[in-house]
Amino acid sequence: MRARRRPFHRPCSGACSPAVVLAAALVAVSCGKEVPTQEALSPSSPAAADANAGAWRMVVLSGPTQISVPAPAPASSPTYQAEIDAIKATQAAITDAQREAIEYWAGGGVLRWNQVLRELVARYNLPPAPRDSGTYPVPDADNPFSDPPFPFANPPYAARAYSYVSMAQFEALKVAWYYKFLYNRPSPSQVDGGVAALLPASGVPAYPSEDAVLSGVSTEMMRLLFPAAVEEITLKAAQQREAALLGGRATASDIAAGLALGRAVAASFVARAATDGMRTAGGTPAQWQALADAATARGEVPWKSLETPPRPPMLPNFGQVATWMMTRTDVVNERPGPPPSTSSSQMQQELAEVKDTAEGLSGEQLAIAQKWNDGAGTYAPPGHWNDIATEYVRDARFSEVRAARVFALLNAALHDAGVGCWEAKFTYFNPRPSQLDPEIKTKIGLPNFPAYTSGHSTFSAAAAAVLSYLFPSGAASFEAMRDEAGISRLYAAIHYRSDIDVGKAHGVRIGGYTVAFARSDGAD
């Protein structure tokens, strides 16, 4: 049972400053809405403040001063004192539901927003149903509430979404850290002992508020990527800002500055997303046919959809979408060589291995196939690796900016892996095992795109490479999970051995680009 917020509003008596009015609005905005219940994240103070994070290398922004944040009013000023008094008044009337929300956000803003994002991906990872005419409607970003809803959060779409949100959060927090340590304004509970510290101490100055930065940047990016969820995203962000205020971590002006900063950074990423190639990733019927014709001209059996009616291939031009850590030349140069010819003895051997494996599958192997399915209705393969990373970030007690770095690097590599894998898939247009041998019965849903290389193997190898760099003590576990994710696709009878082995090697190389960036970004 989810607790309900009880209405609470404290009107101003007399002339209220804009900051005090904002404080009241923050408390009132989420009244009557649900407090989320998600996996537990124990509150804890960060092990280090990362005071130099404002100097860490940027990816999209030119530097922290690209975004201007004005100096705050002195803590001794009447304006600031009015903000402190507003916090005391709201804390005096705090409700149980508001305390529950504070405890929720005490688990960490970066971690909480990552959970929210995984939930959205899972909710929207549903392929459109065919019309009576035998055609498939395409989700419309300009009409996201239509049928089918926008987006279809399939694996490449999901990889891009995770990367945009995570990278924008990281850049915004680096800017925030620059100004935090430039202005060095303490938190309200440090300034006035009458303000209760209901959130763990962050160890960093309060202005601009990191909670508000995250709420602003996350809202703008998620509204772009999941526009039909705009109401719940907006309410979630308001709840985070309210928790920062009621928790004694930030005043209204700390929050206002952070919110403006987060939105300003998001604008740069929204502009990038508009021209990154995603709008044309779906291709056209003429392009789809050209891919099949090219494979036939090479003497190969071209991939075809085995759905009824046949579904258009999934985002065949995603391999042309802009990457984070690789250039277009890098993507082409890292493309694996061709798969075994569909007429070769090697292909016959690999096809026989798939069939034999499927027919003799053990219960343990079936469980592995299902564990790594990550199909429709789930957070997709990139989300699986975000889930894995969460416990490592939580246990490391990272500052918000360092936690954001983990997810930004991880998801940059996952996105680049998706681009590289899709570029290879639609270069070779290789058929799935059950297309070449209809007697093969798959153990999970058959993905609607070519086989070579394995997306799971490529995603997982890139993710494991990055996480092994960030958490060296977990390297053996990451590599074991990488290998299990790869072999799960053979157990599921949807990939050949070469798809898996070559995809894994490809993912390692792609992940290496992100690791090279991490080695020189100034954070280590």
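No experiment lies behind these values; they were computed from the predicted model shown.

Parameters at a glance
- Residues numbered from 1 in each chain as written.
- Predicted model: local features only at pLDDT ≥ 70, side-chain atom pairs only at ≥ 80, totals over all residues.
- Heavy atoms only, no water.
- Axes fitted to C-alpha atoms, helices over the stretch in contact; angles between N-to-C directions.
- Helix = DSSP H or I, 4+ residues; strand = E, 2+ residues; numbered from the N terminus.
- Parallel < 35°, antiparallel > 145°, perpendicular 65-115°, else oblique.
- Left-handed = near helix turned anticlockwise from the far one by under 90°.
- Contact = heavy atoms within 4.5 Å.
- Salt bridge = Lys/Arg side-chain N within 4 Å of Asp/Glu carboxyl O.
- Buried < 20%, exposed > 50% of the residue type's maximum accessible area, 1.4 Å probe, protein only.
- Core = buried A, V, L, I, M, F, W, Y, C linked by side-chain atoms within 4.5 Å.
- Expected span 1.5 Å × (residues − 1).
- pLDDT = per-residue confidence, 0-100.
- Phe/Tyr/Trp six-rings, centres within 6.5 Å; stacked < 30°, edge-to-face > 60°.
- Lys NZ or Arg CZ within 6 Å of the ring centre and 35° of its normal.

Visitor: Can you walk me through the packing of helix α5 (residues 155-183) against helix α15 (residues 400-428) in this structure?
Guide: Packed helices, taken two at a time, are described by their axes: the angle between them and the distance between them. Running from N to C, α5 and α15 point in directions that differ by 150°, and their axes come no closer than 7 Å. What the angle tells us is that α5 and α15 run roughly antiparallel. Judged by the sense of rotation from one axis to the other, the crossing of α5 with α15 is left-handed. Here P156, A159, R160, Y162, S163, S166, M167, Q169, F170, L173, K174 and W177 of α5 lie close against α15, whose contacting residues are E400, V401, A404, R405, F407, A408, N411, A412, L414, H415 and W422.

Visitor: Is there a simple way to think about unusual backbone geometry in this case?
Guide: A negative phi angle characterises most non-glycine residues, just as the trans form characterises most peptide bonds. With omega at -5°, the peptide bond leading from Y207 into P208 counts as cis. With respect to the helices and strands, P208 occurs in the loop between α6 (188-191) and α7 (210-225). Residue Y452 is joined to T453 through a cis peptide bond whose omega torsion reads 5°. Structurally, T453 is set in the loop between α16 (433-436) and α17 (455-470). Positive phi, normally seen in glycine, also occurs at L315, with a value near 45°.

Visitor: How should I be thinking about the pattern of salt bridges in this particular structure?
Guide: Where side chains of opposite charge bring their charged atoms close, a pairing between them can arise. This model, assessed by the stated rule, comprises 23 salt bridges. Close ionic contact of E353 with R497 constitutes a salt bridge, the shortest N to O distance being 2.5 Å. On the criterion of sequence distance, the pair formed by E353 in helix α12 (residues 345-359) and R497 in helix α19 (residues 497-519) is long-range, its members being 144 residues apart. The class of R497 is partly exposed, set by a relative accessible area of 31%. A salt bridge links D395 to R394; its shortest N-O distance comes to 2.8 Å. Accessibility expressed as a relative area gives 52% for D395, which makes it exposed. Judged by relative accessible area, R394 falls into the partly exposed class, the value being 31%. The structure contains a network of salt bridges with shared partners spanning D50, R402, R405, D521 and D524.

Visitor: Looking at this structure, how should I read the nonpolar core?
Guide: Residues F226, L261, W385 and L467 are the most contacted members of the largest nonpolar core, which totals 132 residues. The contact partners of W385, leaving out residues within four places of it in the chain, are W372, L410, L414, S460, A463, A464, L467, F478, M481 and R482.

Visitor: Would you mind going over helix α10 (residues 285-297) with me for this structure?
Guide: The periodicity of an α-helix, 3.6 residues per turn, causes residues three or four places apart in sequence to face the same way. With 13 residues, α10 should cover 18 Å at 1.5 Å per step; its first-to-last C-alpha distance of 18 Å lies within 8% of that length. At the exit of α10 stands G299, carrying a positive phi of roughly 85°.

Visitor: Looking at this structure, how should I read the confidence of the model for the chain?
Guide: Interpreting fine coordinate detail is not advised for predicted regions of low pLDDT. Taken over all residues, the pLDDT of the chain has a mean of 93, while the share at 70 or more is 92%. Across residues 1-37, where pLDDT falls below 50, the model places 71 contacts with residues more than four positions away in sequence or in other chains.

Visitor: I'm lost on the packing of aromatic side chains in this one. Help?
Guide: The description of two aromatic rings rests on the distance between their centres and on the angle between their planes. Overall, the coordinates contain 19 aromatic pairs when judged by the stated rule. With a centroid separation of 6.2 Å and an interplanar angle of 35°, the aromatic rings of F269 and W324 are classed as tilted. Taken together, the residues F269 in helix α9 (residues 252-274) and W324 in the loop between α10 and α11 (328-333) connect sequence positions 55 residues apart. We note that F269, like W324, is buried. Arranged with centres 6.0 Å apart and planes meeting at 35°, the rings of W372 and W385 form a pair that is tilted. On the criterion of sequence distance, the pair formed by W372 in the loop between α13 (363-371) and α14 (380-396) and W385 in helix α14 is long-range, its members being 13 residues apart. Across the pair, exposure class does not vary: W372 and W385 are buried alike. Members of the aromatic cluster, joined through ring pairs, are Y124, F150, Y157 and F226. Here the guanidinium or amino end of K180 rests over the ring plane of W177, the centre of that ring lying 5.6 Å away.

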